[in-house]
Amino acid sequence: MAVDIYFAGYRNRKRIVRSTIEWFLPKYVGGHILSICVHDKRMNREGTHAACSVVGRCCRPREFMIEMNNSLDENEYISSLIHELIHIKQWIFQQRITRENLKNFWYGEHIDDDVEYMELPWEKEAYYLEDKVFKRYLKSEDYINMKK
């Protein structure tokens, strides 16, 4: 696995971000070469914990921007980061595809723009997996070492 991680935010959050990403990617994404920029900022006005977007090309993306709400407690922060990393996995394995015309596809099926957020198939999967992956991470050596 080769990943460039760029981080803007508080020092303690940087350790959390690096540990979580370096644990997640080999297990769920494999050896893809990626660039992930994490921007730790206040997102309370947006009413969201985190957001992930593709940077650059839509076809087989390898560069991503994750925005994290820095007002979350540590567990919420890690869980939200894992949720966004699941979205990266979806793009890497082309489960979710966003075309240049901003049309979204899930396993090749076009998803209309008017589908409610919680009904989007990639969100359903990310919410379903988020807690399971979070619990695995909390039991991992990476998490234990990061806490020391």
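Quick summary incoming for the structure in this document. (Residues numbered from 1 in each chain as written. Predicted model: local features only at pLDDT ≥ 70, side-chain atom pairs only at ≥ 80, totals over all residues. Heavy atoms only, no water.)

1. Points about a negative patch on the surface
Here comes step 1: The grouping of D112, D113, D114 and E116 at the surface amounts to a negative patch.
Here comes step 2: Topologically, D114 is positioned in the loop between strand 7 (109-111) and helix 3 (121-138). (Patch = residues over 30% accessible without salt bridge, like charges linked within 9 Å, V, L, I, M, F, W, Y side chains within 5 Å. Areas by Shrake-Rupley, 256 points an atom, 1.4 Å probe, with all protein chains shown as cover. Salt bridge = Lys/Arg side-chain N within 4 Å of Asp/Glu carboxyl O. Lys, Arg positive; Asp, Glu negative; His and termini not counted. Charge placed at Lys NZ, Arg CZ, Asp CG, Glu CD. Helix = DSSP H or I, 4+ residues; strand = E, 2+ residues; numbered from the N terminus.)

2. Here's the deal with the packing of helix 1 (residues 11-28) against helix 2 (residues 74-92)
Here comes step 1: Closest axis-to-axis distance for the helix 1/helix 2 pair is 10 Å, and the angle between their directions is 40 degrees. Classified by the angle their axes make, helix 1 and helix 2 are oblique. Judged by the sense of rotation from one axis to the other, the crossing of helix 1 with helix 2 is right-handed. The residues of helix 2 that touch helix 1, namely those facing N12, R13, I16, V17, T20, I21, F24 and Y28, are E74, Y77, I78, L81, I82, L85, I86 and K89.
Here comes step 2: In terms of residue class, the contact of helix 1 with helix 2 is made up of 11 nonpolar, two polar and three charged. (Axes fitted to C-alpha atoms, helices over the stretch in contact; angles between N-to-C directions. Parallel < 35°, antiparallel > 145°, perpendicular 65-115°, else oblique. Left-handed = near helix turned anticlockwise from the far one by under 90°. Contact = heavy atoms within 4.5 Å. Nonpolar A, V, L, I, M, F, W, Y, C, P; charged D, E, K, R; others polar.)

3. Some details on helix 3
Since the α-helix packs 3.6 residues into each turn, any two residues three or four apart lie on the same face.
Here comes step 1: A rise of 1.5 Å per residue sets the reference length of helix 3, with its 18 residues, at 26 Å; its end C-alpha atoms lie 26 Å apart and thus fit the reference within 8%.
Here comes step 2: Buried residues in helix 3 make contact with helix 1, helix 2, strand 5 (96-98), strand 6 (104-106), strand 7 and helix 4 (141-147). (Expected span 1.5 Å × (residues − 1).)

4. A closer look at the sheet that holds strand 2 (residues 33-41)
Pairing between the strands of a sheet comes from backbone hydrogen bonds, and it takes one of two forms, parallel or antiparallel.
Here comes step 1: Read from one edge of the open sheet, four strands run 1-2-4-3, paired in mixed fashion. A strand with exactly one partner marks an edge of an open sheet, and here the two such strands are strand 1 (2-8) and strand 3 (50-54). This sheet shows a mean twist of 15 degrees between the axes of neighbouring strands, independent of strand direction.
Here comes step 2: Sheet analysis places strand 2 next to strand 4 (residues 63-69), joined by seven bridges and oriented parallel. Bridged to K41 within strand 4 is N69. (Pairing = 2+ DSSP bridges.)

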